[in-house]
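Below are the chains, spelled out letter by letter.
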Amino acid sequence: TPEKWTLEKCIDYAQVHNVNVGQAAITAKIAKNNHLQSKLNLLPSIDASISYDINFGNSLNPVTFAYVQANSQSASANIQANLPLFTGLQQVNAVQRAKYDLMASKYDYDAAKNNVALSVSSAFLQIVLNREIVDVLQKQEDLSKQQKATVESKVAAGALAYNSLFE
């Protein structure tokens, strides 16, 4: 037998599989990462590089800048550090903006979930209403059949005119 779905199960399924809710969840994750990145931007950055070159045959002598026919080797290393001391509070304000963007994306996610729940609930209530309307119409049909049978018996007995059947 097919499984019966409750309203809660329908809402949960719709919230998990709805595209708008999924997009809102992804947007919230992006906002969370942006908030973390804005905090990490306050930290100093360090860059380091090392290079090693070997030249065979004709090469440029880095000391005399003359071409020589010999093998040469060179190595270099570089370390660089950056620390923003004061940037007009741009980074502090960027952290605040990212924090508020994160809050807004969480509210958008909740709103998307609530909209889906509202849509499913509305459809559920419309189905319940339509079923009630069908029940009322079936009762009305039964009542009309009973009235017709009553009028037919009265017409057959001569208590009512034949035109009463059409009313």
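Calculation rules
Residues numbered from 1 in each chain as written. Predicted model: local features only at pLDDT ≥ 70, side-chain atom pairs only at ≥ 80, totals over all residues. Heavy atoms only, no water. Helix = DSSP H or I, 4+ residues; strand = E, 2+ residues; numbered from the N terminus. Buried < 20%, exposed > 50% of the residue type's maximum accessible area, 1.4 Å probe, protein only. Axes fitted to C-alpha atoms, helices over the stretch in contact; angles between N-to-C directions. Parallel < 35°, antiparallel > 145°, perpendicular 65-115°, else oblique. Left-handed = near helix turned anticlockwise from the far one by under 90°. Contact = heavy atoms within 4.5 Å. Nonpolar A, V, L, I, M, F, W, Y, C, P; charged D, E, K, R; others polar. Phe/Tyr/Trp six-rings, centres within 6.5 Å; stacked < 30°, edge-to-face > 60°. Lys NZ or Arg CZ within 6 Å of the ring centre and 35° of its normal.

### Points about unusual backbone geometry
Part 1 of the reasoning: Of note in this structure, Phe65 is not a glycine but carries a positive phi near 55 degrees.
Part 2 of the reasoning: Along the chain, Phe65 turns up in the loop between β2 (58-60) and β3 (67-69).
Part 3 of the reasoning: Owing to a relative accessible area of 61%, Phe65 belongs among the exposed residues under this scheme.
Part 4 of the reasoning: Despite not being glycine, Leu89 has its phi angle at roughly 60 degrees, a positive value.
Part 5 of the reasoning: With respect to the helices, strands and loops of the structure, Leu89 is situated in the loop between β4 (72-82) and α3 (90-157).
Part 6 of the reasoning: Residue class for Leu89 comes out partly exposed when judged on its relative accessible area of 47%.

### Here's the deal with the packing of helix α2 (residues 19-40) against α3
Part 1 of the reasoning: Two elements in contact, α2 and α3, have axes separated by 8 Å at closest approach and are oriented at 165 degrees. Here α2 is positioned roughly antiparallel relative to α3, judged by the angle of their axes. Relative to α3, the crossing made by α2 is left-handed. Along its contact with α2, which presents Asn20, Val21, Ala24, Ala25, Thr27, Ala28, Ala31, Lys32, Asn34, His35, Ser38 and Lys39, the element α3 presents Ala94, Val95, Ala98, Lys99, Asp101, Leu102, Ser105, Asp108, Tyr109, Ala112, Lys113 and Val116.
Part 2 of the reasoning: Tallied by class, the residues present in the contact of α2 with α3 amount to twelve nonpolar, six polar and six charged.

### Observations concerning the environment of Leu42
Part 1 of the reasoning: With respect to the helices and strands, the residue Leu42 is situated in the loop between α2 and β1 (45-55).
Part 2 of the reasoning: Put simply, Leu42 and Phe166 are 124 residues apart on the chain and 88 Å apart in space, counted from C-alpha to C-alpha.
Part 3 of the reasoning: Setting aside anything within four residues of it in sequence, one finds Leu42 in contact with Gln91, Val92 and Val95.

### Considerations on the packing of aromatic side chains
Part 1 of the reasoning: As enumerated under the stated definition, the model contains two aromatic pairs in all.
Part 2 of the reasoning: Relative to Phe166, the ring of Tyr162 lies with its centre 5.7 Å away and its plane at 85 degrees, an arrangement referred to as edge-to-face. No difference in accessibility class separates Tyr162 from Phe166, as the two residues are exposed.
Part 3 of the reasoning: In this structure, Lys9 packs its charged tip against the face of Trp5, placed 4.9 Å from the ring centre.

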